[in-house]
Amino acid sequence: MDRNDLRIGDAEREQTMAALREHFAQGRLTHEELDERLDSTLAAKTARDLAQVTADLPGQEPAYREPASPYGMGDWHAAAHAHRAQMQAMRHAQREMHRAAWMARKHGHGHRRGPHPILPVLGALMVIGLIVGGFGIFKVLFVVWLGAMVFSLVHRRFHHRG
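Described in the following lines is the structure provided in the data block. Numbering of residues begins from 1 in every chain and follows the order in which that chain's sequence is written. Per-residue local features of the predicted model are confined to residues with pLDDT of at least 70, and side-chain atom pairs are confined, for both listing and counting, to 80 or more; whole-chain, interface and lining totals are unaffected and use all residues. Think of the side-chain values as coming from all heavy atoms in the structure, minus any hydrogens and water.

## A closer look at the overall build of the protein chain
Line of reasoning, step 1. Looking only at helices and strands, one finds 6 helices and 0 strands in the protein chain.
Line of reasoning, step 2. In sequence order, the secondary structure elements of the protein chain are arranged as α-α-α-α-α-α.
Line of reasoning, step 3. Buried residues are those whose accessible area, probed at 1.4 Å on protein chains only, stays under 20% of the maximum for their type, while exposed residues exceed 50% and partly exposed ones sit between those limits. When burial is assessed residue by residue, the protein chain has 17% of its 162 residues classed as buried.
Line of reasoning, step 4. For the protein chain, the proportion of contacts with a sequence separation of at least 24, taken over those separated by at least 6, is 60%.
Line of reasoning, step 5. Calculation of accessible area relied on Shrake-Rupley with a 1.4 Å probe; when residues are assessed, cover is drawn exclusively from the protein chains displayed. For the protein chain, the exposed surface amounts to about 12,600 Å²; the carbon and sulfur share of it is 61%. Starting at the N terminus, helices and strands are each numbered in turn, a helix being any DSSP run of H or I of at least four residues and a strand any DSSP run of E of at least two. Contacts are assigned to residue pairs that have any heavy atoms within 4.5 Å of one another.

Here you go:
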């Protein structure tokens, strides 16, 4: 099969339309000719159709050209190897990021969410103290709970700034 009979995509059409607009800007095409050729470009299905749209226009390069590849046609093995190496590097970087985050949490540098573990225990003791021991023990536990809450908030505010 001839290379010019291969189907084209939107990228090739856009490339040809940009070339046509450039020829219009340089005065080689009238506005009507530009419109006709743009319509033909949008209707083109093969590389041969695109070549016919720009056949009578000057230029060293055709409006349509194959995208450049860093690898030769038969060098798929090198391309696959490069892709595999890139994916391994990305996985390694991601693993290192997770390891660093884990180490930060392990050594207490992570942000802990929620109240200090003693606060719910004090809250439960307050409720039990109110039910069993009356209002006196409730007041004492409430003051201790309130102090722990304020200390927790102050501690978090000054020690967890990033």
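## As for helix α1 (residues 10–25)
Line of reasoning, step 1. Over its 16 residues, α1 extends 22 Å from the first C-alpha to the last, a length consistent with the 22 Å expected when each residue adds 1.5 Å.
Line of reasoning, step 2. Burial in α1 covers these residues: E12, R13, T16, M17, L20 and H23. What you see down the axis of α1 is that its buried residues fit within an arc of 135 degrees, all on one side. Turned more than 90 degrees away from the buried face of α1, the exposed residues are D10, A11 and A25.
Line of reasoning, step 3. Considering only its buried residues, α1 is in contact with α2 (31–43) and α3 (47–53). A helix is expected to span 1.5 Å multiplied by its residue count minus one. Taken from the helix axis, the directions to the C-beta atoms give the arc we talk about.

## A word on the nonpolar core
Line of reasoning, step 1. For this analysis, a nonpolar core means a set of buried residues of the types Ala, Val, Leu, Ile, Met, Phe, Trp, Tyr and Cys, connected via side-chain atoms within 4.5 Å. Counting residues in each nonpolar core, the largest one holds 7 residues, listed as M17, L20, L29, L34, L38, V53 and L57.
Line of reasoning, step 2. Where this core is concerned, the elements lending two or more residues are α1 and α2.
Line of reasoning, step 3. The residues touching L34, leaving out its near neighbours within four places in the chain, are L20, R21 and F24.

## Description of a nonpolar patch on the surface
Line of reasoning, step 1. What goes into a patch is any residue over 30% in relative accessible area without a salt bridge, connected to like charges within 9 Å or, for nonpolar side chains (Val, Leu, Ile, Met, Phe, Trp, Tyr), within 5 Å. Salt bridges are counted wherever a side-chain nitrogen of Lys or Arg sits within 4 Å of a carboxyl oxygen of Asp or Glu. Taken together, the side chains of I118, V121, L125, V127, I128, I131 and V132 make up a nonpolar region of the molecular surface, amounting to roughly 670 Å² of accessible area.
Line of reasoning, step 2. By the element assignment, I128 lies in helix α5 (residues 118–133).

## A short note on the pattern of salt bridges
Line of reasoning, step 1. Counting across every chain of the model gives 4 salt bridges.
Line of reasoning, step 2. We note a salt bridge from R13 to D10, for which the minimum N-O separation is 3.1 Å. In this pair, R13 and D10 both sit in helix α1, 3 residues apart, roughly one turn of the helix.
Line of reasoning, step 3. Put simply, R99 and E96 hold a salt bridge, and the shortest N to O gap is 2.5 Å. Of the two residues, R99 and E96 are both situated in helix α4 (residues 76–106); the distance of 3 residues between them amounts to about one turn of the helix.
Line of reasoning, step 4. Since its relative accessible area comes to 44%, R99 is described here as partly exposed.

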